[in-house]
Amino acid sequence: AEYGLGMAIGATQHRKFLAHIVQKALNSPDVSLSDELRTELSAWLLGKDDVDASEYSSKVIGKLLEKEKNSHPLLNTIYDYRNYFIKLSHWIIGGDGWAYDIGSAGIDHVIAQKENVNILIMDTEVYSN
């Protein structure tokens, strides 16, 4: 459970970093952006937490960055993090032993963190009390 939570938090941190450098690129007078890329990056910032909007932006921005990424190191970094434009769904999957007994403190910890993760517990009936 804790491993899955760590992976979800890691992806969230990468998205926060991406949003930070996108904002930095948009506000920097040193970064030369085409009007189309500037518009799409701004739209992504506004809709980054919407699955459909972020998926659409990801496709458009990726193509635009291909052309412009070498014009400034910030754009190159944004290009390197392009996989994080899409808002992902995080799943933590485990068996009933993991949830009931062996890893129950882990499940409690995950739920207490109030992160946006999904938990699937499969009833394998390996353990019986």
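Our structure's up above, just so we're on the same page.
In this report, the structure presented in the accompanying data block is examined. This one's a predicted model, so the numbers in the text were calculated from it and none came from an experiment. (Residues numbered from 1 in each chain as written. Predicted model: local features only at pLDDT ≥ 70, side-chain atom pairs only at ≥ 80, totals over all residues. Heavy atoms only, no water.)

1. Here's the deal with the overall build of the chain
A count of helical and extended segments in the chain gives six helices and two strands. Along the chain direction, N to C, the helices and strands of the chain fall in the order α-α-α-α-β-α-α-β. Over its C-alpha trace the chain gives a radius of gyration of 19 Å, far above what one expects of a compact globule, namely 14 Å for 129 residues. Counting only C-alpha atoms and orienting by the principal axes, one finds that the chain spans roughly 65 × 20 × 20 Å. (Helix = DSSP H or I, 4+ residues; strand = E, 2+ residues; numbered from the N terminus. Rg over C-alpha atoms; globule rule 2.2 N^0.38 Å.)

2. Brief notes about a nonpolar patch on the surface
On the surface, a nonpolar cluster with roughly 410 Å² of combined accessible area is contributed by Trp91, Ile93, Leu120 and Met122. Within the residue set of the nonpolar patch, elements represented by two or more residues are strand 1 (91–95) and strand 2 (118–122). Note that Trp91 resides in strand 1. Judged by its relative accessible area of 52%, Trp91 is exposed. (Patch = residues over 30% accessible without salt bridge, like charges linked within 9 Å, V, L, I, M, F, W, Y side chains within 5 Å. Areas by Shrake-Rupley, 256 points an atom, 1.4 Å probe, with all protein chains shown as cover. Salt bridge = Lys/Arg side-chain N within 4 Å of Asp/Glu carboxyl O. Buried < 20%, exposed > 50% of the residue type's maximum accessible area, 1.4 Å probe, protein only.)

3. Side note on the packing of helix 2 (residues 35–47) against helix 3 (residues 51–68)
Following both chains from N to C, one finds helix 2 and helix 3 inclined at 150°, their axes separated by 9 Å at the closest point. Between helix 2 and helix 3, the angle falls in the class roughly antiparallel. Crossing handedness for the pair helix 2 and helix 3: left-handed. Where helix 2 abuts helix 3, its residues Glu36, Leu37, Glu40, Leu41, Trp44 and Gly47 lie against Ala53, Ser54, Tyr56, Ser57, Val60, Ile61, Leu64, Leu65 and Glu68. Of the residues in the contact of helix 2 with helix 3, the class split is nine nonpolar, three polar and three charged. (Axes fitted to C-alpha atoms, helices over the stretch in contact; angles between N-to-C directions. Parallel < 35°, antiparallel > 145°, perpendicular 65-115°, else oblique. Left-handed = near helix turned anticlockwise from the far one by under 90°. Contact = heavy atoms within 4.5 Å. Nonpolar A, V, L, I, M, F, W, Y, C, P; charged D, E, K, R; others polar.)

4. Focus: the nonpolar core
In this structure, Val22, Leu37, Leu41, Trp44, Leu65, Ile78 and Phe85 are the most contacted members of the largest nonpolar core, which totals 21 residues. Going through the elements one at a time, helix 1 (2–27), helix 2, helix 3 and helix 4 (73–80) are the ones with two or more residues in this core. Contacts of Phe85, omitting those with residues within four sequence positions, involve Arg15, Leu18, Val22, Leu41, Trp44, Ser54, Ser58, Ile61, Leu65 and Ile78. One finds Ala1, Ala99, Ile107 and Val117 within the second-largest nonpolar core, a separate group that totals eight residues. (Core = buried A, V, L, I, M, F, W, Y, C linked by side-chain atoms within 4.5 Å.)

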